[in-house]
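Residues per chain, in single letters:
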Amino acid sequence: MRDHQPSDELRLYFPLPPLDYSHDYEDVVEGTREWARPYTGYVGARDHDILDSCAYSANTCLNPRVPRHLRVWFSAVSSWTLLSDDLYDRGTVQDRQQRYAEVAPQQRHALLTPLDIPDPDRLHPLTAYIWALRRYGEEHAPPAAVRGVMKGLERGLRETATEIGYAVRAEHCGADEYIRRLLSGAKYTGAFATMEEVCNRLTIPESERQHPLLQGLYRLTGTLGHLHLDFAGWANDGPGEAYNLINAVAHDLGIPPREAGPPAVELVNLVMELFLRLREKIRPQVGEATRTLLDELDWMLRGNVDWALYTTRYASGTNPMRPLLPEEHRTPVPPPRLDTAPCPALGPLFELLA
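Residues numbered from 1 in each chain as written. Predicted model: local features only at pLDDT ≥ 70, side-chain atom pairs only at ≥ 80, totals over all residues. Heavy atoms only, no water.

1. Some details on helix H10 (residues 212–232)
With 21 residues, H10 should reach 30 Å at 1.5 Å per residue; the first-to-last C-alpha distance of 31 Å fits that figure. Burial analysis of H10 places 18 of its 21 residues in the buried class, which makes it a mostly covered element. (Helix = DSSP H or I, 4+ residues; strand = E, 2+ residues; numbered from the N terminus. Expected span 1.5 Å × (residues − 1). Buried < 20%, exposed > 50% of the residue type's maximum accessible area, 1.4 Å probe, protein only.)

2. Quick notes on the nonpolar core
One finds Trp 73, Tyr 129, Leu 153, Leu 220, Phe 231, Leu 245 and Leu 346 to be the most contacted residues of the largest nonpolar core, which totals 115 residues. In terms of residue count, helix H13 (residues 261–282) provides more of this core than any other element does, 11 residues in total. (Core = buried A, V, L, I, M, F, W, Y, C linked by side-chain atoms within 4.5 Å.)

3. Here's the deal with the environment of Thr 32
Relative to the helices and strands, Thr 32 resides in helix H1 (residues 26–36). Between the C-alpha atoms of Thr 32 and Phe 74, which are 42 residues apart in sequence, the distance is 9.0 Å. A polar side-chain atom of Thr 32 sits 2.8 Å from a polar atom in the side chain of Ser 75. (Polar contact = N/O pair within 3.5 Å; in protein donor to acceptor, adjacent residues only side chain to side chain.)

4. Overview of the pattern of salt bridges
Applying the stated criterion to the full structure yields 18 salt bridges. Note that Asp 176 is salt-bridged to Arg 180, the shortest N-O span being 3.0 Å. Separated by 4 residues within a single helix, Asp 176 and Arg 180 lie in helix H7 (residues 175–183), roughly one turn from each other. Overall, the relative accessible area of 21% leaves Asp 176 in the partly exposed class. Take Arg 180: its relative accessible area is 39%, and that puts it in the partly exposed class. In this structure, Glu 197 and Arg 209 form a salt bridge, with 2.6 Å as the shortest nitrogen-oxygen distance. One end of the pair, Glu 197, is in helix H8 (residues 192–199); the other, Arg 209, is in helix H9 (residues 206–209), and 12 residues separate them in sequence. Residue Glu 197 is classed as buried on the basis of its relative accessible area of 0%. Arg 209 gets classed as buried once you look at its relative accessible area, which sits at 10%. (Salt bridge = Lys/Arg side-chain N within 4 Å of Asp/Glu carboxyl O.)

Structure below.
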């Protein structure tokens, strides 16, 4: 990664147009609250923030044609990931490790087992919650897609075994290692693309699902989503959060994190161009269902940025990285020149363009 002088014109390359979010997300808030009532009460300010944030993301990240019950399901699954993270973020590291040892095996079993769980009433409430969500998804959407979401959630949960929640991530790494972790499923990135598959009730032929280009797009969608959120969430994370691209870039360049926004933008813009080229290369090779999924991945990425810009979870007038985010009525950023892989971790995906 090269050093350079920051430019006022440098901001995120985002050629996907703004979308229409005309439907009322408050209805999704109430639906999610109803879904969660047997398992969690959403009583505190933090819980209410999670509820509101996840319902709003279901409003922005899903096409309006997605039926309400699957929009609510999307919101409920998203809220489960945050509630589960919070479960392992409270108390001392020893407390968190003990809680993880007690609850995580239940959660992983509920996410992956093909069998019924005996005595579900004896489960931890969050385990019972994801078990109920999984069963509902398999009854109302293609089971293979639901299993893909659950596998993505399980990979994110396994990551927590070593990190024990975001609050104790203090070991800074460089940008390449950070992107490598995202590609492997860190921060629940493995569920981003398959959530679109579930909520749009798409049956992707297995031969197309296993295509290297589509597998790359599955991984890259969640990775890009979190790279964009790193800019929106930097005001909350701050320079001490190891799991943020801006801080990883600062670590690489040996500069203060507040100065690392522009070089981080350059890197993410190359990742975005890689995503777009992979998407266009596979489109002529797949059928209607997969082409629809490719369109919905665009919706996911655009909606994810708009969610971050305007949800109370991330919106902040004091975030020094906010001017780098795409806003409406701004001059489009031209495509970056993609001659090599944006970083070594993305080398195998870049080679697929040959």
